[in-house]
Amino acid sequence: LGWNGTIVNDHDLFEDVWRLLFKPSPNVLREIYKTISELDIIGNEFNSANVRAKHPKIIPTAVAKDWLQQHHPGKNFTEFEIYEAKTRIDMKENITFTDKMKSHYFQLYSNAVACANQLAPGLPVYLSSDSDNLASMMQNVSIVRLPSSVGDAKALHIDNDYDQGLHPPSSFYLIFVDLYIMSKAKCLSHSGSGFGILPLRISGS
């Protein structure tokens, strides 16, 4: 493993074990190469930002209420109904985003990209997100690089009951494309999710 008798920390151990046990399938490897070719980041330094935008715990209550109000104007909602709304927002992509939601999320994504740019200024920023629709708001920001959809892929959740059994394996390739590309970034800003931390663990840096 190349440890050469030195003291090995958890970070080094994780990277080596990952490299030994996991390897992208040929189809995923092709999609990784296709994506980095399209984004012109082969052999070039780049930053990355991962935004777990729709996690129920970080969706502001005011944003969830605003989303509910478009369906039930004037109604007062219980805490449970608001939490349930946050869960629906998280797990479904084909929802209508209100102006308040768009404003909130644009600021969230802008902060993530600015953070990555502050770590290593001037480099392109590969943006990974749990929502294609929301991430697309950043497509006109010059330093942002957005992955195109892989086949019919959207930002699906492997652990989501709405998605399990309804999509071919290729629909989930983008998850692994994001993971491996982010692991090669010079600097990575992430929102604290397990998925955002994983590229740091396997990067070896």
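Let me begin by describing the structure that accompanies this report. (Residues numbered from 1 in each chain as written. Predicted model: local features only at pLDDT ≥ 70, side-chain atom pairs only at ≥ 80, totals over all residues. Heavy atoms only, no water.)

**Describing the packing of helix α2 (residues 26–38) against helix α7 (residues 173–182)**
Packed helices, taken two at a time, are described by the angle their axes make and the gap between the axes. Running from N to C, α2 and α7 cross one another at 60 degrees; their axes reach a closest spacing of 9 Å. With respect to α7, the axis of α2 lies oblique. Considering how the two elements wind past one another, α2 and α7 form a crossing that is right-handed. Counted together, Asn27, Val28, Glu31, Ile32, Thr35 and Ile36 of α2 and Tyr173, Phe176, Val177, Tyr180 and Ile181 of α7 form the full contact between these two elements. Across the contact of α2 with α7, the residue classes tally to eight nonpolar, two polar and one charged. (Axes fitted to C-alpha atoms, helices over the stretch in contact; angles between N-to-C directions. Helix = DSSP H or I, 4+ residues; strand = E, 2+ residues; numbered from the N terminus. Parallel < 35°, antiparallel > 145°, perpendicular 65-115°, else oblique. Left-handed = near helix turned anticlockwise from the far one by under 90°. Contact = heavy atoms within 4.5 Å. Nonpolar A, V, L, I, M, F, W, Y, C, P; charged D, E, K, R; others polar.)

**A look at helix α8 (residues 194–203)**
Turning to α8, its buried residues number three or more, namely Gly196, Pro199 and Ile202. Down the axis of α8, the buried side of the element spans an arc of 135 degrees, and every buried residue falls inside it. (Buried < 20%, exposed > 50% of the residue type's maximum accessible area, 1.4 Å probe, protein only. Arc of directions from axis to C-beta.)

**Describing the packing of aromatic side chains**
Applying the stated criterion across every chain yields a total of four aromatic pairs. Between Phe14 and Trp18, the ring centres sit 6.4 Å apart and the planes meet at 15 degrees, which makes this aromatic pair stacked. You can see Phe14 and its partner Trp18 sitting in helix α1 (residues 10–21), four residues apart, about one turn around the helix. Residue classification places Phe14 among the partly exposed positions, given a relative accessible area of 27%. Exposure remark for Trp18: the relative accessible area of 18% places this residue in the buried category. Judged by centre distance (6.5 Å) and plane angle (50 degrees), the ring pair of Trp18 and Tyr180 falls under tilted. Pair noted here: Trp18 is in helix α1 and Tyr180 is in helix α7, with a separation of 162 residues, a long-range link. Put simply, the rings of Phe14, Trp18, Phe22 and Tyr180 pair up and form one aromatic cluster. The ring of Phe14 has Arg201 sitting right over it, with the charged end atom 4.3 Å from the ring centre. (Phe/Tyr/Trp six-rings, centres within 6.5 Å; stacked < 30°, edge-to-face > 60°. Lys NZ or Arg CZ within 6 Å of the ring centre and 35° of its normal.)

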